[in-house]
Amino acid sequence: MESKKVCVPLLSREQIAAAVGRLAAELNRDYRRKHPLVIGILKGCYVFMADLTRQLEMPVEIDFARLSSYGPGTETSGKVRLISSPRIDIRGRDVIVLEDIIDTGLTVKCFLKYLQRRQPASVKVCALADKPARRRVAVNIDYLGFIVPDRFLVGYGLDCDEKYRNLPDICALEDSV
Ligand code: PRP
């Protein structure tokens, strides 16, 4: 029988808002005279992307890619698939890749490889959360909100079997005792 899960609060909406504000300030400083192309990796990025990009003060263009490494449940399959690629031309652009969380690093590494083949002017990675305990491949994160512990996290875009994405806080999903 499937065990009952409980959501244990980890990062409050106030803590998340403060981190997103700090990241936006860093991007506003570094891209002040630029016109970046912000590409969010769906679906987990959708809340983070909406909050962050609304605080960007330079002209930006927005696009999405969809990659998936997790099947049903809480373990990565280890195989990353590009399900949907960005539509805007990447060549010569200053690209900012937005991720909700970097775990093994396989998703972002696969996407960076895809981008580099298309000759962008620059590529930086901005992630709300980094879970270094699970890293399998090295990834350079240029803008980071939080380092998080090795727990299965949901909320603020993060899911478990497509549920919990709409929670306003980030919580650890744990078996109830
Ligand atoms: C999650 C998350 C990241 C990725 C990180 O996406 O949103 O994109 O996994 O894991 P990794 O560093 O181990 O590759 P997922 O594949 O679950 O798809 P989703 O965003 O649609 O939930």
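So, here's what we can say about the structure.

Calculation notes
Residues numbered from 1 in each chain as written. Predicted model: local features only at pLDDT ≥ 70, side-chain atom pairs only at ≥ 80, totals over all residues. Heavy atoms only, no water. Helix = DSSP H or I, 4+ residues; strand = E, 2+ residues; numbered from the N terminus. Contact = heavy atoms within 4.5 Å. Near = heavy atom within 4 Å. Polar contact = N/O pair within 3.5 Å; in protein donor to acceptor, adjacent residues only side chain to side chain. Areas by Shrake-Rupley, 256 points an atom, 1.4 Å probe, with all protein chains shown as cover. Core = buried A, V, L, I, M, F, W, Y, C linked by side-chain atoms within 4.5 Å. Buried < 20%, exposed > 50% of the residue type's maximum accessible area, 1.4 Å probe, protein only. Phe/Tyr/Trp six-rings, centres within 6.5 Å; stacked < 30°, edge-to-face > 60°. Lys NZ or Arg CZ within 6 Å of the ring centre and 35° of its normal. Pairing = 2+ DSSP bridges. Right-handed = clockwise from strand over helix to strand, strands pointing away.

1. Concerning the environment of Leu27
Right, on to step 1. Topologically, Leu27 is positioned in helix H1 (residues 13-30).
Right, on to step 2. Separated by 23 residues in sequence, Leu27 and Ala50 have C-alpha atoms that sit 15 Å apart.
Right, on to step 3. In contact with Leu27, other than residues within four places in its own chain, are Arg32, Leu52, Leu56, Met58, Ile96, Cys126 and Tyr143.

2. Describing the site of the ligand
Right, on to step 1. In the vicinity of the ligand lie 18 residues, with Asp100, Asp103, Thr104, Gly105 and Thr107 positioned nearest.
Right, on to step 2. At a separation of 2.8 Å, an oxygen atom of the ligand approaches a polar backbone atom of Asp103.
Right, on to step 3. Between Thr104 and the ligand, the recorded distance is 2.5 Å, taken from a side-chain N or O atom to an oxygen atom.
Right, on to step 4. If the ligand stood free it would expose 490 Å²; the protein chains cover 94% of that surface.
Right, on to step 5. Of all the secondary-structure elements, those providing two or more residues to the shell around the ligand are strand E3 (61-70), strand E5 (94-102) and helix H3 (106-116).

3. Section: the nonpolar core
Right, on to step 1. In terms of nonpolar packing, the biggest core is built from 30 residues, with Phe48, Leu52 and Cys126 touching the most fellow members.
Right, on to step 2. Listed by contribution, the elements that provide at least two residues to this core are H1, helix H2 (46-53), E5, strand E6 (122-130), strand E7 (143-147) and strand E9 (170-175).
Right, on to step 3. Top element by residues in this core is H1. It accounts for six residues.
Right, on to step 4. Phe111, Val123, Val125 and Val137 belong to the second-largest nonpolar core, a separate cluster that totals 20 residues.

4. A few points about the packing of aromatic side chains
Right, on to step 1. Applying the stated rule across the entire model yields one aromatic pair.
Right, on to step 2. Ring geometry for Phe111 against Tyr114: centres 5.7 Å apart, planes inclined by 10 degrees, an arrangement best described as stacked. Here Phe111 pairs with Tyr114, and both are found in helix H3, just three residues apart, close to one helical turn.
Right, on to step 3. Owing to a relative accessible area of 0%, Phe111 belongs among the buried residues under this scheme.
Right, on to step 4. Taking relative accessible area as the criterion, Tyr114 reaches 11% and is therefore assigned buried.
Right, on to step 5. The ring of Tyr31 has Lys34 sitting right over it, with the charged end atom 5.9 Å from the ring centre.
Right, on to step 6. Stacked on the ring of Tyr114, the Lys or Arg Arg118 has its end atom at 3.7 Å from the ring centre.

5. Some points on the pairing of E6
Right, on to step 1. Across the nine residues that make up E6, a large majority, seven, are buried.
Right, on to step 2. One ladder, built from eight bridges, connects E5 with E6; its direction is parallel. Bridge pairing in E6 links Glu99 to Ala127.
Right, on to step 3. The β-α-β motif built from E5, the intervening H3 and the parallel element E6 has right-handed crossover chirality.
Right, on to step 4. With four bridges connecting them, E6 and E7 associate as parallel partners. From the neighbouring strand, Asp130 faces E7, where its bridge partner is Ile147.

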